[in-house]
Amino acid sequence: MRPGTRSIAALFWLFLAGGSHAQALLVGVAAPLSGPSAILGAQISAGAGLAAQTNAVELKTVDDACTADGGAAAARDFVAAKVDVVVGFLCTQAIEAAMPILKDAKIPVITVGVRTESLTDRRAKTGWPVYRLGPRGDDERNTVATILTHLWRNELFAIIDDGTIYGREIAETFRAAAEQAALKPVFVDTFRPQLDNQIGMIGRLKKAGATHVFAGGDGEDIAIMGRDAAQLEAGITFAGGENLRIPAGDVPYAVGTLLIAPPEWADIADPKVLESFTAQKIVPDGYTLPAYAAVEIAKASAGLSDTSGKPLTETLTGQDFATAIGAIRFDAKGDLSQSPYRVFRFDGTRFVPLESD
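Residues numbered from 1 in each chain as written. Predicted model: local features only at pLDDT ≥ 70, side-chain atom pairs only at ≥ 80, totals over all residues. Heavy atoms only, no water.

A. Structural context of the state of the cysteines. Scanning the model with the defined rule gives one disulfide in all. Residue pairing for Cys66: its cysteine sulfur links by disulfide to Cys91, the two sulfurs lying 1.8 Å apart. On the sign convention where negative means left-handed, the S-S torsion of about 65 degrees between Cys66 and Cys91 marks this disulfide as right-handed. You can see Cys66 sitting in the loop between strand S2 (58-63) and helix H3 (68-81) and its partner Cys91 sitting in the loop between strand S3 (85-88) and helix H4 (92-104), a full 25 residues away along the chain. When its relative accessible area of 15% is taken as the criterion, Cys91 is described as buried. (Disulfide = S-S within 2.5 Å. Helix = DSSP H or I, 4+ residues; strand = E, 2+ residues; numbered from the N terminus. Buried < 20%, exposed > 50% of the residue type's maximum accessible area, 1.4 Å probe, protein only.)

B. Quick peek at the pairing of strand S1 (residues 26-31). A large share of S1 lies buried, amounting to six of its six residues. Of the two faces of S1, the one holding Leu26, Gly28 and Ala30 and the one holding Val27, Val29 and Ala31 are both buried throughout. The pairing of S1 with S2 spans six bridges and is classified as parallel. Bridge pairing links Ala31 to Asp63 in S2. Once you follow S1 into helix H2 (residues 38-55) and on to S2, the crossover reads as right-handed. (Pairing = 2+ DSSP bridges. Right-handed = clockwise from strand over helix to strand, strands pointing away.)

C. H3, seen in detail. Its 14 residues give H3 an end-to-end C-alpha distance of 20 Å, which sits within 8% of 20 Å, the value for a rise of 1.5 Å per residue. Taken together, the buried positions of H3 are Gly70, Gly71, Ala72, Ala74, Ala75 and Phe78. The inward-facing, buried residues of H3 contact S1, S2, S3 and H4. With a side-chain oxygen lying 2.9 Å from the backbone nitrogen of Gly70, the N-terminal cap of H3 falls on Thr67. (Expected span 1.5 Å × (residues − 1). Contact = heavy atoms within 4.5 Å. Polar contact = N/O pair within 3.5 Å; in protein donor to acceptor, adjacent residues only side chain to side chain.)

D. Spotlight on the nonpolar core. Counting residues in hydrophobic clusters, the biggest one holds 60 residues, and the most contacted among them are Val86, Phe89, Leu102 and Ile110. Residue contributions to this core peak at nine residues, all from helix H13 (residues 288-308). Residues within four places of Leu102 in sequence aside, it is in contact with Ala75, Phe78, Val79, Val86, Phe89, Ile107 and Val109. Core analysis: the next-biggest nonpolar cluster, separate from the first, contains 26 residues, Met201, Leu205, Ile224 and Val251 among them. (Core = buried A, V, L, I, M, F, W, Y, C linked by side-chain atoms within 4.5 Å.)

E. Geometry of the sheet that holds strand S8 (residues 212-216). Reading across from one edge, S7-S6-S8-S9-S10-S13-S14 is the order of the seven strands in this open sheet, with mixed pairing throughout. Strand pairing shows two members of the sheet lacking a second neighbour, strand S7 (187-190) and strand S14 (351-353), which therefore form its edges. The average angle at which neighbouring strand axes cross in this sheet is 25 degrees, direction not considered. Relative to strand S9 (residues 237-240), S8 runs parallel, the two being bridged by three bridges. Considered in S9, the bridge of Val213 is made with Phe238. (Axes fitted to C-alpha atoms, helices over the stretch in contact; angles between N-to-C directions.)

This is how it looks when you write it as structure tokens:
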């Protein structure tokens, strides 16, 4: 075989073996590595780094500083480096400044932490190829309304909130959903937060006959209500949103308290992946596992792009991706096709999935 023929044959087989990504996939990682959010950025960097080692992916990590200027600068760095896809981003300002630049370069983004609804709701107008590996801003209140309307359809329930924007929005969403389902709470009110006791509120709830209460507020307040309800033998089960993930403080949650929130990722993660975290002395908390999963999705999507000839911006949509935190699918807007929120019950020590209690 002539030398020229041998070279052509080698290139041919290299093309067959690697497709359009014969070289390692280059993933950009956008994270706040400086400033007040640096600890969260370090989680993204650690999770993505471990996934890159496992999946033979190359990374280019850039500090987006959680600012508009930082996001735009990071995007320009990614375009110059010719990354295939970007993962990360925790702050709305940073990703909104980056997306026009990345869109023009046809570089899709998998964000692990931005919840702003308009980021994906405006997709038809902006054309931004962004995919959200986490909940939307309205997922919590919508899921609370859906779950409790079903779970408490035969219960005497009340709805209270602490007067904050968060508390009122989540409480009102539940109240409106209950009304649409022809359900009426026995009691609706606002409570004063951060009191040493909530005996007055518990007395009013007991008088109204409430046996189940959703409280839009902080975990500490809900813990105090649970304690006071037990002392008054009110027989009330309390429920709350993600704020219950924060330790209650000096007063523990009452047994039976319900939490509606995404799972702790380490509780549902692939054991082999958790072993790799332990081996590298990386704590699998915060954004480490979502960042790991984002890199896995980027790698799998690139493989689909190679075999189908479609761009990554298309192969990320409508596909089931097996990841360290379970199956992930993005809908046409780029949101998760299924809400990650679940119901958990406090067993005296920790919150466990309601269905397994």
